[in-house]
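Below, each chain spelled out in residue letters.
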Amino acid sequence: MPVALLALAVGAFGIGTTEFVMMGLLPNVADDLHISIPTAGHLVSAYALGVVIGAPLLAAVTARLSRRKVLIGLMALFVLGNALSALAPGYGWLLAARFLSGLPHGAFFGVGAVVATGLVAPERKARSVSLMFMGLTVANIAGVPVATLMGQHLGWRATFLGVSAIGVAAIVSLALLIPRDPTHAPAGGLRSELAPLRSLPVWLALGTTVAGFGALFAAYSYITPMLTDAAGYAEASVTLLLALFGVGATIGNLAGGRLADHSLRGTLFGGLIALAAVLGLFPLLMNSGWSAALGVALLGMAAFVTGSPLQLMVMEKASAAPSLASSANQAAFNLANAGGAWIGGLALAAGLGVTSPALAGAALAVLGLAVAGVAYAADRRRDAPRPGRERLVAAHVPEHVESVRG
């Protein structure tokens, strides 16, 4: 694997850290800014909104530029957003800074995935994407816990300054390691870039992402009450268990990349089936401490097996504008985050039990499997030879060819 993939992983590590660390810093931010925790929770939503808006928008408007320059520019915007978060004088400014921090997230992963696949042989494309995503999963093992501890002991502003420093390191890595590439000038302009998003296969692939990762977030958003109320863990142990989730996610991500290079569709179907099974067993796994820890690791593993296949599938379905479609897939990941958490919350509010969000997630995984099945059937129908077409071709075969056949 090219060393340039390391630069993409460093950027992904910084993005993953800033995305998830806010969840652990909400009490600190709320106390310092004299707001309620639910109000502070809007800072998480502001970041996600920035991702959803920024992913397709920035990918579209930068489509003609050198991808190397785009990656460096996106990371510079990331550094600016986090630095402004650290310096925000009040809640409103922090809300705006978090939105700004989220804008480059999806476009970075989208453009980065295209760059990563261009650095390797065709049979290693999924593996290259998984190595970039490894920065995101490792952030859950090391980046988020360390940044959370930094925020608790040095203040939450120090956390965002630290994340800004990671962004600067990523800019240096991108400038040194990513090969220079020419600018891109699509003949049809922005309209041609947006054309693939009118394709049904692209939307089916994006729908699989929303349902599949919505299954993860339906359960993961409420993993703390499951571990404390059902499995009996103390709150102090939750951070360690979430790092265990990161370990499982890293293993699943790397395994998914290798498997997808051999069978993209098979890896996707297998991952969704495994995710549905793990979530369906969650009420049983949460009955004891050791099985709950195992369940957390298996959840990360099963969910992230599908990450690289989904990213690569969207890029293949929109080969005319892979950066835009790849970035749109990142927006779909964040829609899955919000939608999955909402559906899991509905299960809790209905009084179905503390582990009910996992069962709601299992249902979403089955839905994702169904959408992937529809996409597969549509691909087979489109690729299957049509009898009418065969007769038309046969009618135009030259006579001398027919004589040779005879």
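Worth saying up front: this structure is predicted, and the values here are computed from it rather than measured.

Draft legend 1. Highlighting the overall build of the chain. For the chain, the helix and strand inventory stands at 18 helices and 0 strands. For the chain, buried positions account for 52% of its 406 residues. Carbon and sulfur atoms make up 69% of the accessible area of the chain, which amounts to about 17300 Å² in all.

Draft legend 2. Representation of the side chain of Asn253 within the structure. By the element assignment, Asn253 lies in helix α11 (residues 238–262). Leave out the neighbours within four places in its chain, and Asn253 touches Ser130, Phe133, Met134, Thr137, Phe304, Val305 and Ser308.

Draft legend 3. Spatial organisation of the confidence of the model for the chain. Of the residues in the chain, 88% reach a pLDDT of 70 or more, and the chain-wide mean stands at 83. Counted against residues more than four places away or in other chains, residues 392–397, with its pLDDT under 50, gives 3 contacts. The low-confidence segment residues 399–406 (pLDDT under 50) makes 3 contacts with residues lying over four places distant or belonging to another chain.

Draft legend 4. Spotlight on the packing of aromatic side chains. Taken as a whole and judged by the stated rule, the model has 8 aromatic pairs. For the pair Phe108 and Phe109, a centre-to-centre distance of 6.1 Å together with 85° between the ring planes defines the contact as edge-to-face. Of the two residues examined, Phe108 and Phe109, each falls in the buried class. Pairwise contacts between aromatic rings join Phe213, Tyr220, Phe245, Phe304 and Phe333 into one cluster.

Draft legend 5. Geometry of helix α3 (residues 42–61). Helix length check: α3 (20 residues) gives 28 Å between terminal C-alpha atoms against 28 Å at 1.5 Å per residue, within 8%. At Gly54, α3 is deflected by roughly 35°, the largest bend along its length, and proline Pro56 occurs up to four residues later in sequence. The set of residues buried in α3 consists of Leu43, Ala46, Tyr47, Ala48, Gly50, Val51, Gly54, Ala55, Leu58, Ala59 and Ala60.

Draft legend 6. Geometry of the pattern of salt bridges. A full pass over the atoms with the stated rule returns 2 salt bridges. Across the pair Arg157 and Asp32 runs a salt bridge whose closest N-O atoms are separated by 4.0 Å. Separated by 125 residues along the polypeptide, Arg157 in helix α7 (residues 156–177) and Asp32 in helix α1 (residues 4–33) bring together distant segments of the chain. Overall, Arg157 belongs to the partly exposed group, its relative accessible area being 27%. The shortest N-O distance in the salt bridge between Arg127 and Asp261 comes to 3.6 Å. Note that Arg127 is positioned in helix α6 (residues 125–154) and Asp261 in helix α11, a separation of 134 residues in sequence.

Draft legend 7. Geometry of the packing of α6 against α11. Two elements in contact, α6 and α11, have axes separated by 8 Å at closest approach and are oriented at 175°. The angle between α6 and α11 falls in the class roughly antiparallel. Within the contact of α6 with α11, the residues separate by chemical class into 13 nonpolar, 8 polar and 4 charged.

Draft legend 8. Summary view of the packing of helix α9 (residues 200–220) against helix α12 (residues 264–285). Two numbers describe how α9 lies on α12: the axes approach to 11 Å, and their chain directions differ by 25°. Here α12 runs roughly parallel to α9, going by the angle between their axes. Crossing angle aside, the handedness with which α9 passes α12 is left-handed. When α9 is examined against α12, the residues Thr208, Gly212, Ala215 and Ala219 are found in contact with a partner set consisting of Leu268, Leu272, Leu275 and Leu279. Residue classes in the contact of α9 with α12 are distributed as 6 nonpolar, 2 polar and no charged.

Draft legend 9. View of a nonpolar patch on the surface. Together, Leu49, Ile53, Leu57 and Val61 make up an exposed nonpolar region whose accessible area comes to about 360 Å². With respect to the helices and strands, Leu49 occurs in helix α3. Assessed through its relative accessible area of 48%, Leu49 is described here as partly exposed.

Draft legend 10. Geometry of helix α10 (residues 223–230). Among the residues making up α10, those that are buried are Ile223, Met226, Leu227 and Thr228. Looking one or two residues past α10, Gly232 carries a phi angle of roughly 85°, positive in sign.

Draft legend 11. Inspection of the nonpolar core at higher detail. Leu8, Leu216 and Phe282 are the most contacted members of the largest nonpolar core, which totals 88 residues. The contacts of Leu216, once residues within four sequence positions are left out, are Phe245, Leu299, Ala303 and Phe304. Grouped together as the second largest cluster of nonpolar side chains are 15 residues, Met22, Leu25, Val29 and Leu33 included.

Draft legend 12. Quick peek at the environment of Ile171. Tracing the sequence through the fold places Ile171 in helix α7. Accessibility expressed as a relative area gives 22% for Ile171, which makes it partly exposed. Contacts of Ile171, omitting those with residues within four sequence positions, involve Ile72, Met75, Ala76 and Val79.

Draft legend 13. The arrangement of the side chain of Thr18 in detail. Mapping Thr18 onto the fold places it in helix α1. Residue classification places Thr18 among the buried residues on the basis of a relative accessible area of 0%.

Rules and cut-offs
- Residues numbered from 1 in each chain as written.
- Predicted model: local features only at pLDDT ≥ 70, side-chain atom pairs only at ≥ 80, totals over all residues.
- Heavy atoms only, no water.
- Helix = DSSP H or I, 4+ residues; strand = E, 2+ residues; numbered from the N terminus.
- Buried < 20%, exposed > 50% of the residue type's maximum accessible area, 1.4 Å probe, protein only.
- Areas by Shrake-Rupley, 256 points an atom, 1.4 Å probe, with all protein chains shown as cover.
- Contact = heavy atoms within 4.5 Å.
- pLDDT = per-residue confidence, 0-100.
- Phe/Tyr/Trp six-rings, centres within 6.5 Å; stacked < 30°, edge-to-face > 60°.
- Expected span 1.5 Å × (residues − 1).
- Bend = angle between axes of the 7 residues up to and from the residue.
- Salt bridge = Lys/Arg side-chain N within 4 Å of Asp/Glu carboxyl O.
- Axes fitted to C-alpha atoms, helices over the stretch in contact; angles between N-to-C directions.
- Parallel < 35°, antiparallel > 145°, perpendicular 65-115°, else oblique.
- Nonpolar A, V, L, I, M, F, W, Y, C, P; charged D, E, K, R; others polar.
- Left-handed = near helix turned anticlockwise from the far one by under 90°.
- Patch = residues over 30% accessible without salt bridge, like charges linked within 9 Å, V, L, I, M, F, W, Y side chains within 5 Å.
- Core = buried A, V, L, I, M, F, W, Y, C linked by side-chain atoms within 4.5 Å.

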